[in-house]
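Each chain, written out:
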Amino acid sequence: MKFLCAIVLLVVAIAFAAAGDLEDELNWQSYKAKFHKRHRSKDEARRKANFIKRQKQIEKHNKENKEWEMGNNLFSDMTDEERKGMLGAKPVPRKERFLNPGYPIEERALPISIDYRSDKCMQPVKQQAECGSCWSFAAVVPLEFNTCKKTGTPVALSEQMLVDCDTYNYACEGGDYTNAWKFIKEKGGIMINSSYPYVSGTTLTRGTCKFSSTSVAARVSTYGWTMPYPNATVSMQYLQSYGPLPSAMKVLDSLYQYKNGVYSDSACIIADENQVDHAVVIVGYGTTTTTPAIPYWIVRNSWGTTWGNLGYMAIKRGVNMCNIESWTAYVEVV
Ligand SMILES: *[C@@H]1O[C@H](CO)[C@@H](O)[C@H](O)[C@H]1NC(C)=O
Ligand SMILES: *[C@@H]1O[C@H](CO)[C@@H](O)[C@H](O)[C@H]1NC(C)=O
């Protein structure tokens, strides 16, 4: 009898394990189909193991955390190294920042919320791919937006030109958006995307600058860091007056699988403001209608539209989460 029980238990255990394996396999297959993932057969097992690990992380997080949600996206089957390859902020040191302080901002009444996402001057969310060129994407957003505000016509500008030509920055090895504006100002402008489309992440283009002044579609006049910082109110005022504000942040493991809600991570409250590794763009702010109400920033990323909420995220505002309130900068166009 005892023996029989043991056998029954064993059979049940095997059946459960097999069901778990089957479920993992089905999830893996549907993930690959949904995100158009194709792997060489020698990579398949490793990719699947990454995916299953992240799947467990997502399920656990969504059970425990009600403020923000995780989900599958392009990162689910990537290695840690590959994910790091999609960062790329190398911000300038603090003392150099004081060489380029912003104008003191005129204090105006702030609206309850700002959201530039659906503005006709905002281009669709882009994808930097496996290249540390976030700085280039962050530099381009306010140039597109502010140029369109002046001319009335939406314009897509060339991140690739900055990756290939900008000698103040480091192509796919990282950079700083204010250095990019400095470069553009000296060069006489930035080209239109259609004349110099993005290929980094798939092709090495280092040292292949193909600048052509006839395709320039935007020019930099002035730029600077928001001052004083970190100060959420000051950043909100610059956002209201100058449009989208690039900033830099620390990316923790939890951010890669972000899907929706107001992101926060107690490990991302960091005393050292120089702890940042990714450039993004603040494009709005608001406050949730939950109790308690949570103030947030609306942040645009350059990880495509399958990451986060159609490429955007909300992150807790007023606490310098991930140092995002220490690095806001603004630019004006000619
Ligand atoms: C940039 O140009 C390329 C090539 O013409 C095009 O495929 C891509 O969609 C453009 N991107 C934007 C944001 O307009
Ligand atoms: C932030 O700036 C505002 C407006 O200039 C000021 O009133 C406030 O005291 C500042 N807050 C901090 C924490 O420095």
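What counts, and at which threshold
- Residues numbered from 1 in each chain as written.
- Chains lettered and ligands numbered in written order.
- Predicted model: local features only at pLDDT ≥ 70, side-chain atom pairs only at ≥ 80, totals over all residues.
- Heavy atoms only, no water.
- Disulfide = S-S within 2.5 Å.
- Helix = DSSP H or I, 4+ residues; strand = E, 2+ residues; numbered from the N terminus.
- Buried < 20%, exposed > 50% of the residue type's maximum accessible area, 1.4 Å probe, protein only.
- Near = heavy atom within 4 Å.
- Polar contact = N/O pair within 3.5 Å; in protein donor to acceptor, adjacent residues only side chain to side chain.
- Areas by Shrake-Rupley, 256 points an atom, 1.4 Å probe, with all protein chains shown as cover.
- 1 Å grid on protein atoms, 1.4 Å probe; cavity = no way out; pocket = protein on both sides within 12 Å on 5 of 7 lines; lining within 4 Å.
- Points joined across faces, edges and corners; volume = space filled by probe spheres on them.
- Nonpolar A, V, L, I, M, F, W, Y, C, P; charged D, E, K, R; others polar.
- Phe/Tyr/Trp six-rings, centres within 6.5 Å; stacked < 30°, edge-to-face > 60°.
- Lys NZ or Arg CZ within 6 Å of the ring centre and 35° of its normal.
- Pairing = 2+ DSSP bridges.
- Core = buried A, V, L, I, M, F, W, Y, C linked by side-chain atoms within 4.5 Å.
- Contact = heavy atoms within 4.5 Å.

Student: Which residues make up the state of the cysteines, and what are the values?
Tutor: Summed over the entire model, instances satisfying the criterion amount to 4 disulfides. Note on cysteine connectivity: Cys268 is disulfide-linked to Cys322, with sulfurs 2.1 Å apart. Every disulfide takes its handedness from the sign of the S-S torsion; for Cys268 and Cys322 that torsion is 125 degrees, giving right-handed. With a gap of 54 residues between them, Cys268 in the loop between strand 7 (258-263) and strand 8 (278-287) and Cys322 in the loop between strand 10 (312-316) and strand 11 (329-333) connect regions that are remote in the sequence. Overall, Cys268 belongs to the buried group, its relative accessible area being 0%. In this structure Cys322 comes out as buried when scored by relative accessible area, which is 0%. Each bonded cysteine of the protein chain gets a number by its place in the sequence, and the pairs then read 1-3, 2-5, 4-6, 7-8. Take Cys134: it sits in no disulfide, and the sulfur closest to it among the cysteines is that of Cys131, at 8.9 Å.

Student: Could you give me a rundown of the site of ligand 2, with the residues and numbers involved?
Tutor: Around ligand 2 sit Glu107, Asn231 and Val234, and that is every residue in its neighbourhood. The side chain of Asn231 places a nitrogen or oxygen atom 2.4 Å from an oxygen atom of ligand 2. Protein contact buries 35% of the 360 Å² of open area that ligand 2 shows by itself.

Student: Just give me the short version of empty space enclosed by the protein, but keep the residues and values in it.
Tutor: This structure, assessed with the given rule, holds 1 cavity of 30 Å³ or more. Empty space within the largest cavity amounts to approximately 90 Å³. Forming the walls of the largest cavity are 13 residues, and the residues nearest its centre are Phe137, Val141, Arg300, Asn301 and Ser302. Of all the secondary-structure elements, those providing two or more residues to the lining of the largest cavity are helix 5 (134-151) and strand 8. Sort the elements by how many residues they give to the lining of the largest cavity and helix 5 lands first, with 5 residues. Class assignment of the residues belonging to the lining of the largest cavity gives a composition of 7 nonpolar, 2 polar and 4 charged.

Student: With reference to specific residues and values, describe the packing of aromatic side chains.
Tutor: Summed over all chains, the structure comprises 22 aromatic pairs. Three or more aromatic residues joined by ring pairs form one cluster here, namely Trp68, Phe75, Tyr256, Tyr258, Tyr263, Trp303 and Trp307. The ring of Tyr168 is capped by Lys182, whose NZ or CZ atom sits 4.4 Å from the centre of that ring.

Student: A description of the pairing of strand 6 (residues 245-249) should follow, citing residues and the corresponding values.
Tutor: Burial runs high along strand 6: 5 of the 5 residues are buried. As paired strands, strand 6 and strand 8 are joined by 5 bridges and run antiparallel to one another. Opposite Ala248, over in strand 8, you have Ala279 as the bridge partner.

Student: Tell me about the side chain of Gln160, and name the residues and values.
Tutor: Note that Gln160 resides in helix 6 (residues 159-165). A relative accessible area of 1% places Gln160 in the buried class.

Student: Quick one: what's the story with the nonpolar core, residue by residue and with numbers?
Tutor: Across soluble globular proteins, nonpolar side chains have a tendency to be buried as a group. Formed by 87 residues in total, the largest nonpolar core has its most connected members in Tyr177, Trp181 and Ile315. Among the elements that line this core, the one with the most residues is helix 5, at 9 residues. Once residues lying within four places of it in the same chain are set aside, the contact partners of Ile315 are Met249, Val262, Tyr263, Pro295, Tyr296, Trp297, Val299, Met321, Cys322 and Ile324.

Student: Break down the site of ligand 1 for me, citing the residues and quoting the values.
Tutor: Close to ligand 1 lie Lys126, Ala156, Asn193 and Pro197. Compared with its free state, where it exposes 360 Å², ligand 1 has 45% of that area covered by protein. Grouping the amino acids of the shell around ligand 1 by side-chain chemistry returns 2 nonpolar, 1 polar and 1 charged.

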